[in-house]
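Listed below, chain by chain, are the residues.
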Amino acid sequence: MLNIALPKGRLGDKVYRLFKDIGYDCSAMESDDRRLVLCDPGGEVSYLLVKPSDVAIYVEHGAADIGVVGKDVLLEGGNDVYELLDLNLGKCRMAEAAPVGFREDAQRPLRVATKYPNIAKRFYGELSREIEIIKLNGSIELAPLLKLSDVIVDIVETGTTLKQNHLEVTREILPISARLIANKAAMKFKDAQIRDIVEKLKSKVEG
Amino acid sequence: MVLNPLEQLVLTLRELYEGYGYTRFPMRRFEEYQLYLENKSFLTSERVLSFTDVSGKLMALKPDVTLSIVKHAKPERQGVEKLYYHESVYRVSPTDHQFTEISQIGVESLGEIDSYGACEVVRLAIESLERIGLPYVLDMSHMGLAGGLMEDAGMTVPQREEAFALIRQKNSHELKSALTKWQIAPLYGERIAQLPDLCGEVETTLVRAAELAVGPEMKKAVSELSRVYGSLCTLGLEKHIRLDFSIANDLDYYNGLVFKGYVEGAPRAVLSGGQYDRLMRKLGKAGDGLGFALYLDELTRVIIKPGAYDADVLALYGAQDDPAKVLKGVEDLRRSGLRVLASPSQSPNARVKQTLRFSDDGFQEVSKNA
């Protein structure tokens, strides 16, 4: 039995359809089941539905053998897992955004509001730019409007939220998409099954 | 049995290592901070628990044993020193970011390391995994292949570090785009890009690895792996060995064989080892060095199963009972081989098979747990 951790929500639904297409379906996933661990009797896999930011933690600690998670979560968490495949799903980008017309004052540290302090530290570290991080857990766009911060570092999908709040992207940080990850020890003992999934997903994603 | 399975394992491993002529390395819990400062990247985490000693010198609780052993090794190459240790090290836990005490047992072989020497250490690593008593795998690799390819491709140090980080994650998709971005010559780039997936059954993987080896250092790496594997086959150990070129340690310290051991049920590697001649040179030693450590903490949850009972009987007595008679009664129960927990009242947390109560005729049964 292979345990697969999927992020709850829209991305998880998309990913499940991908797994179903390659033959790993699970009828419990398609019913309106509220359980968090779903498997069919006699099935080869069981699905765990967890908070997106927790997927990598379940996999790193071996509670799930493989999982699907956004690159943003992986970079922020720095989890010790294998990253086997870019699924090209849930595509967006990590970017710096500021109020329209913002001019940076290079004389003082830049105040950055973000949910991703590690990614922000690394990015500005490479630019040798001194920053002050303000860690928020949601509604990041609010921070520069209320002068809580100069800029924000966040996920940008369509840019609509930014536009509505009079913000614009000032620097691109990196592209984000969903990745297939695996527990390092699971790869040793369930190698054949994981390889099978990787190969099938690969031909699906690339084809 | 009073010793739990982990303590029993440590005893049988010490016996194993001593049987191969390894002697226990005597060690203090601390070392001069300078040693770790100079070899920061050898450590798994840069954070070290430091303190000042009476003379004002900065000291550190050991985050690692190998550095201490290498520091105390003799400077010349001749002969071989075989040492083992069973020690605690102090590291920042990657999960809760606090300092934790980690128990390790391991061996280090220093001096003239030849093919036999390498086979012996790998053999001991396999036997150490075997004695845990669970299904296990030893993954082997050799730094010479990836190191040689990257060196000949003229990659800079930061590029190599980034490439190794991606190789360790088996992240071929990002490795490929990074190699293209760095404009690595296809002769090397196409080969380096294959390293994350270069793993599996030894014989076929060795053939694939040999196809990637373009320089003398790389060819030497493949032939060393093949020689060690061949020797282990004569002992019938081949079914536990696999190759995995995504295992990569720091090139500044490691140059030869590297390996990791996994047991079923533990989410991370429980054994890690390799050949670190470059570390020996850095610390002014002419000899080679090869060793491994078994992380006992990773095994705790896997091999220690909580016992169903704390004691066989709970022997209850009252305040009015004569202590001499109670003592005699408990002694009688003990002599019949039972584990006895004597208590003046019911202990809500104690899990016992049977509860007895003291009377003038000795202990009588009150209740029995199924």
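Residues numbered from 1 in each chain as written. Chains lettered and ligands numbered in written order. Predicted model: local features only at pLDDT ≥ 70, side-chain atom pairs only at ≥ 80, totals over all residues. Heavy atoms only, no water.

1. Concerning the overall build of chain A
Helices and strands together make up the secondary structure of chain A, namely nine helices and eleven strands. In terms of its C-alpha atoms, chain A occupies a principal-axis envelope of roughly 65 × 35 × 30 Å. Residues counted as buried form 49% of the 207 residues belonging to chain A. In chain A, the share of contacts with a sequence separation of at least 24, taken over all contacts with a separation of at least 6, comes to 67%. Total accessible area computed for chain A in this model is approximately 10,300 Å², and 49% of it derives from carbon and sulfur atoms. Charge separation in chain A, taken as the distance between the mean sites of 30 positive and 32 negative side-chain charges, equals 2 Å. (Helix = DSSP H or I, 4+ residues; strand = E, 2+ residues; numbered from the N terminus. Buried < 20%, exposed > 50% of the residue type's maximum accessible area, 1.4 Å probe, protein only. Contact = heavy atoms within 4.5 Å. Areas by Shrake-Rupley, 256 points an atom, 1.4 Å probe, with all protein chains shown as cover. Lys, Arg positive; Asp, Glu negative; His and termini not counted. Charge placed at Lys NZ, Arg CZ, Asp CG, Glu CD.)

2. Remarks on the pairing of strand β4 (residues 66-70) of chain A
Residues and elements named next belong to chain A. The buried count for β4 comes to five of five residues, which makes it a mostly enclosed element. Every second residue of β4 is oriented toward a common face, with Ile 66, Val 68 and Gly 70 on one face and Gly 67 and Val 69 on the other, all of them buried. Pairing of strand β1 (residues 2-7) with β4, which is carried by two bridges, proceeds in the parallel orientation. Looking across to β4, one finds that Ala 5 is bridged to Gly 67. Pairing geometry for β4 and strand β11 (residues 178-182), over five bridges, is antiparallel. (Pairing = 2+ DSSP bridges.)

3. Side note on helix α7 (residues 172-181) of chain B
Residues and elements named next belong to chain B. Within α7, the full set of buried residues consists of Ser 172, Leu 175, Ala 178 and Leu 179. Angular distribution of buried residues about the axis of α7 spans 125 degrees; they occupy a single face of the element. Of the exposed residues in α7, those oriented more than 90 degrees away from the buried face are Thr 180 and Lys 181. Of the surrounding elements, those touching the buried residues of α7 are α6 (157-168) and α8 (186-192). In the stretch just after α7, Gln 183 is the one whose phi turns positive, near 55 degrees. (Arc of directions from axis to C-beta.)

4. Some points on the side chain of Lys170(B)
Examined against the element boundaries, Lys170(B) turns out to sit in the loop between α6 and α7. Discounting residues that sit within four places of it in the chain, Lys170(B) has contacts with Tyr82(A), Glu83(A), Leu84(A), Met187(A), Arg195(A), Pro196(B), Cys199(B), Asp244(B) and Ser246(B).

5. Describing the domain arrangement of chain B
Entries for chain B in the domain assignment read domain 1 (1-135 + 264-308), domain 2 (144-240) and domain 3 (311-368). Between the C-alpha centres of domain 1 of chain B and domain 3 of chain B there is a distance of 45 Å. (Domains from an automatic or database assignment.)

6. Examining the pairing of strand β8 (residues 131-135) of chain A
Sheet faces and side chains relate simply in a regular strand, where the side chains alternate between the two faces. Residue and element names in this part refer to chain A. Bridge analysis of strand β7 (residues 110-114) against β8 gives five bridges, and the strand direction is parallel. Bridging from a neighbouring strand, Thr 114 pairs with Lys 135 of β8. Crossover handedness for the path β7 to helix α5 (residues 117-126) to β8: right-handed. (Right-handed = clockwise from strand over helix to strand, strands pointing away.)

7. Focus on the sheet that holds strand β5 (residues 82-86) of chain A
Strand pairing in a sheet takes place through backbone hydrogen bonds and is either antiparallel or parallel in direction. Taken together, six strands build an open sheet; the order of strands is β2-β3-β1-β4-β11-β5 (chain A) and the sheet is mixed. Of all strands in the sheet, those bounded by a partner on one side alone are β2 (37-39) and β5 of chain A. Mean inter-strand twist for the sheet, computed between neighbouring axes without regard to direction, equals 25 degrees. Direction of pairing for β1(A) relative to strand β3 (residues 45-50) of chain A: parallel, over a ladder of six bridges. Looking at the pairing, Ala5(A) lines up with Leu48(A) of β3(A). Sheet strands touched by α7(B): β5 and β11 of chain A. Its angle to β5(A), the strand with the most contacts, is close to 75 degrees. (Axes fitted to C-alpha atoms, helices over the stretch in contact; angles between N-to-C directions.)

8. So, the nonpolar core
Residue and element names in this part refer to chain B. By size, the foremost hydrophobic cluster in this structure holds 101 residues, and its most contacted members are Tyr 17, Ile 192, Leu 195, Phe 259 and Leu 294. For this core, the element with the most residues is helix α4 (residues 115-130), which contributes eight residues. For this core, the two domains that each supply at least three residues are domain 1 (1-135 + 264-308) and domain 2 (144-240). Each residue touching Tyr 17, except ones within four places of it in the same chain, is listed here: Tyr 22, Tyr 84, Ile 105, Val 107, Leu 124, Ser 128 and Phe 292. (Core = buried A, V, L, I, M, F, W, Y, C linked by side-chain atoms within 4.5 Å.)

9. A closer look at the state of the cysteines
Residues and elements named next belong to chain A. In total, this model carries zero disulfides over all chains according to the counting rule given. Cys 26 takes part in no disulfide bond, and the closest cysteine sulfur, belonging to Cys 39, lies 6.6 Å away. Looking at Cys 26, the relative accessible area reads 1%, which means it is buried. (Disulfide = S-S within 2.5 Å.)

10. Concerning the interface of chain B and chain A
Across the boundary between the two partners, chain B contributes 22 residues, which contact 19 residues of chain A. Summed over the shared surface of chain B and chain A, the number is six salt bridges. Counting across the chain B and chain A interface gives eight residue pairs in polar contact (both at pLDDT 80 or more). Those elements giving two or more residues to the side of chain B that touches chain A turn out to be β7 (136-142), α7, β9 (241-244) and β10 (257-263) of chain B. Considering each element in turn, the side of chain B that touches chain A owes the most residues, three residues, to β7(B). Its residues assigned to classes, the side of chain B that touches chain A comprises eight nonpolar, five polar and nine charged. (Salt bridge = Lys/Arg side-chain N within 4 Å of Asp/Glu carboxyl O. Polar contact = N/O pair within 3.5 Å; in protein donor to acceptor, adjacent residues only side chain to side chain. Nonpolar A, V, L, I, M, F, W, Y, C, P; charged D, E, K, R; others polar.)

11. Brief notes about the environment of Asp32(A)
Mapped onto the elements of the fold, Asp32(A) is located in the loop between α2 (27-30) and β2. Separated by 132 residues in the primary sequence, Asp32(A) and Gln164(A) place their C-alpha atoms 35 Å from one another.

12. A closer look at the packing of helix α5 (residues 143-152) of chain B against helix α10 (residues 216-234) of chain B
Residues and elements named next belong to chain B. Relative to each other, α5 and α10 sit at 170 degrees, their axes nearing to 8 Å. As judged from the angle between their axes, α5 and α10 are roughly antiparallel. Contacts between α5 and α10 involve Gly 144, Leu 145, Gly 148, Leu 149 and Asp 152 from the former and Glu 217, Met 218 and Ala 221 from the latter. Along the lines of polarity and charge, the residues of the contact of α5 with α10 split into four nonpolar, two polar and two charged. (Parallel < 35°, antiparallel > 145°, perpendicular 65-115°, else oblique.)

13. Here we look at the packing of aromatic side chains
Applying the stated criterion to the full structure yields eleven aromatic pairs over all chains. Their ring planes at 85 degrees and their centres at 5.4 Å tell us that Tyr16(A) and Tyr47(A) sit as a pair that is edge-to-face. In this pair, Tyr16(A) is assigned in helix α1 (residues 10-21) and Tyr47(A) in strand β3, connecting sequence segments 31 residues apart. The interplanar angle of 85 degrees and the centroid separation of 5.7 Å between the aromatic rings of Phe30(B) and Phe51(B) together place this pair among those described as edge-to-face. Taken together, the residues Phe30(B) in strand β2 (residues 30-32) and Phe51(B) in strand β3 (residues 50-52) connect sequence positions 21 residues apart. For Phe30(B), a relative accessible area of 30% corresponds to the partly exposed category. Residue classification places Phe51(B) among the partly exposed positions, given a relative accessible area of 30%. Clustering of aromatic rings is evident, with ring pairs tying together Tyr17(B), Tyr84(B), Phe259(B) and Phe292(B). If you follow Lys170(B) out to its NZ or CZ, it ends over the ring of Tyr82(A), 5.1 Å from the centre. (Phe/Tyr/Trp six-rings, centres within 6.5 Å; stacked < 30°, edge-to-face > 60°. Lys NZ or Arg CZ within 6 Å of the ring centre and 35° of its normal.)

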